[in-house]
Amino acid sequence: MAKLRIGILISGRGSNMAALIRAAEAAGYPAEIACVVSNMADAPGVAVARDAGIATATISHRGQPDRETFDRLVSAELERHGVELVVLAGFLRIFSPWFPTRWAGKLINIHPSLLPAFKGLHVQQQALDAGVRLSGCTVHFVTPDLDAGPIIAQAAVPVLASDDEDALSARILRQEHRLYPLVVRWFAEGRIVCAGSRVTVTGGTPDAALLFSAEP
Ligand code: GRF
């Protein structure tokens, strides 16, 4: 069966992108990485993708007359590579409403909190400041509302009394690297069904051990 062609958008180190590259290299994984697009020429993740033999492109948001012009350039690049699912992996740009509308149902993001708690930036510090005992990561469809699209999957981790922002971020990131390739697999297998704001994963409930990690 043909593999699902995904396009990954990054702005920085690209560790989630690297986790997806590793997953896609494994035999039997149902998706392949058609291209990686960055808005930052010096994003470390661009070099990682290039070294893995993946087509990369940098499209700077600077100097564009407005957000939609940038969004349309990114979209054209994705279309040129036959992308069927757009995967945001640390892409630090807010879209115009045009982009999530163009890619509706085919645009996902990973966010390092258990949404709808803690939106925006420095969400691990927000979780520490709020004193929550559990945090984690969320993969969700992207809609024009920031960090508010239908939730596909979450993985939870404990928040420890000794945590600072870096320690909690690292614990969450380890789960991100497990969860994102899993969700892309489900998408490629046609198992993700979205009805309004509710998402169902068909074909068996995900193993709870994958979605909760008690490791410190
Ligand atoms: C991750 O924490 C992700 O949840 C958030 O941005 C960060 C990107 O990290 N959206 P990386 O570039 O994938 O290492």
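Counting starts from 1 at the beginning of each chain's written sequence and moves along it residue by residue. Restriction of local features to residues with pLDDT of at least 70 applies here, the model being predicted, together with a cutoff of 80 or more for giving and counting side-chain atom pairs; totals for whole chains, interfaces and linings are based on all residues. Hydrogens and water are ignored here; the side-chain numbers use all heavy atoms of the structure.

### Comments concerning the pattern of salt bridges
We count a salt bridge whenever a side-chain nitrogen from Lys or Arg sits within 4 Å of a carboxyl oxygen from Asp or Glu. Per the counting criterion, the structure on display carries 8 salt bridges. The shortest N-O distance in the salt bridge between R5 and E32 comes to 3.3 Å. With R5 in strand β1 (residues 4–10) and E32 in strand β2 (residues 31–38), this residue pair connects regions lying 27 residues apart in the sequence. Partly exposed describes any residue whose relative accessible area lies between the buried limit of under 20% and the exposed limit of over 50%, with all areas from a 1.4 Å probe on protein chains only and scaled to the type maximum. Here E32 falls in the partly exposed class, since its relative accessible area comes to 32%. Ionic pairing is found between R171 and D163, a salt bridge with its closest N-O pair at 2.7 Å. For D163, a relative accessible area of 12% translates into the label buried. Overlapping salt bridges bring together R185, E189 and R191 as one network. Strands here mean DSSP runs of E at least two residues long; helices mean DSSP runs of H or I at least four residues long; both are numbered from the N terminus.

### Focus on the site of the ligand
Around the ligand lies a shell formed by R13, G14, S15, N16, G90, I110, H111, P112 and E176. Counting of polar contacts relies on pairs of N or O atoms within 3.5 Å, with two restrictions inside protein: one atom must be capable of donating a hydrogen and the other of accepting it, and residues adjacent in sequence are counted only when both atoms are side-chain atoms. In this structure, an oxygen atom belonging to the ligand sits 2.5 Å away from a side-chain N or O atom of S15. Per-residue accessibility takes into account occlusion by the displayed protein chains alone, with areas from the Shrake-Rupley method and a 1.4 Å probe. Relative to its unbound accessible surface of 360 Å², the ligand loses 85% to contact with the protein. Where the shell around the ligand is concerned, the elements lending two or more residues are α1 (15–25) and β5 (107–111). For the shell around the ligand, a count of residues per class yields 2 nonpolar, 5 polar and 2 charged. The split of the chain into domains comes from an automatic or database domain assignment. Taken domain by domain, the makeup of the shell around the ligand includes at least three residues from each of domain 1 (1–103) and domain 2 (110–216). If a single non-hydrogen atom of a residue is within 4 Å of a molecule or strand, that residue counts as near it. Residues are grouped as follows: nonpolar covers Ala, Val, Leu, Ile, Met, Phe, Trp, Tyr, Cys and Pro; charged covers Asp, Glu, Lys and Arg; every other residue, Gly included, is treated as polar.

### A word on the side chain of N16
Tracing the sequence through the fold places N16 in helix α1. Judged by relative accessible area, N16 falls into the buried class, the value being 8%. Residue contacts follow a heavy-atom distance rule, with two residues in contact if any of their heavy atoms lie within 4.5 Å. When residues no more than four places from it in sequence are discounted, the contact partners of N16 are A89, I110, L173, E176, H177 and Y180.

### Digging into the nonpolar core
Residue types Ala, Val, Leu, Ile, Met, Phe, Trp, Tyr and Cys, when buried and joined through side-chain atoms within 4.5 Å, form a set referred to as a nonpolar core. By size, the foremost hydrophobic cluster in this structure holds 46 residues, and its most contacted members are I6, I8, I33, V87, I108, V183 and V184. Of the residues forming this core, the biggest block, 10 residues, is contributed by helix α6 (residues 165–188). Both of domain 1 (1–103) and domain 2 (110–216) provide at least three residues apiece to this core. The contacts of I108, once residues within four sequence positions are left out, are L85, V86, V87, L88, V139, H140, F141, V142, I152, Y180, V183 and V184.

### Examining the domain arrangement of the protein chain
Split by domain assignment, the protein chain resolves into domain 1 (1–103) and domain 2 (110–216). Between the C-alpha centres of domain 1 and domain 2 the distance comes to 20 Å. Contact residues are listed per partner, giving 19 residues for domain 1 and 15 residues for domain 2. Note: buried area is the sum, over both parts, of the accessible area (probe 1.4 Å) each one loses when the two are combined. Summing both partners gives a buried area of about 1,500 Å² for domain 1 against domain 2, and 73% of it is carried by carbon and sulfur. Run the count over domain 1 and domain 2 and you get 0 salt bridges. On inspection of domain 1 and its partner domain 2, the count reaches 4 residue pairs in polar contact (both at pLDDT 80 or more). Contributions of two or more residues to the side of domain 1 that touches domain 2 are made by β1, α1 and β4 (85–88). The element best represented in the side of domain 1 that touches domain 2 is α1, accounting for 5 residues. Its residues placed into classes, the side of domain 1 that touches domain 2 shows 15 nonpolar, 3 polar and 1 charged.

### Section: the sheet that holds β5
Strands pair in a sheet through their backbones, by hydrogen bonds, and they do so in one of two ways: parallel or antiparallel. If DSSP finds at least two bridges between two strands, the strands pair. In spatial order, the strands read β3-β2-β1-β4-β5-β6-β7; together these 7 strands make up an open sheet with mixed pairing. Strands with a single pairing partner mark the edges of an open sheet, and in this sheet they are β3 (56–58) and β7 (151–158). The mean inter-strand angle of the sheet, taken between neighbouring strand axes irrespective of direction, is 20°. As defined by bridge partners, β5 adjoins strand β6 (residues 134–141) across 4 bridges and the pair is classed as antiparallel. Within the sheet, the bridge partner assigned to I110 lies in β6 and is V139. Axes, fitted as lines to C-alpha atoms, cover a helix only where it is in contact. Angles between the N-to-C directions of the axes lie from 0 to 180 degrees.

### Brief notes about α6
The terminal C-alpha atoms of α6 lie 34 Å apart, and with 24 residues this matches the ideal 34 Å at 1.5 Å per residue to within 8%. Directly beyond the C-terminal end of α6, a positive phi value near 70° is found at G190. Working rule for helices: expected span equals 1.5 Å times residues minus one.

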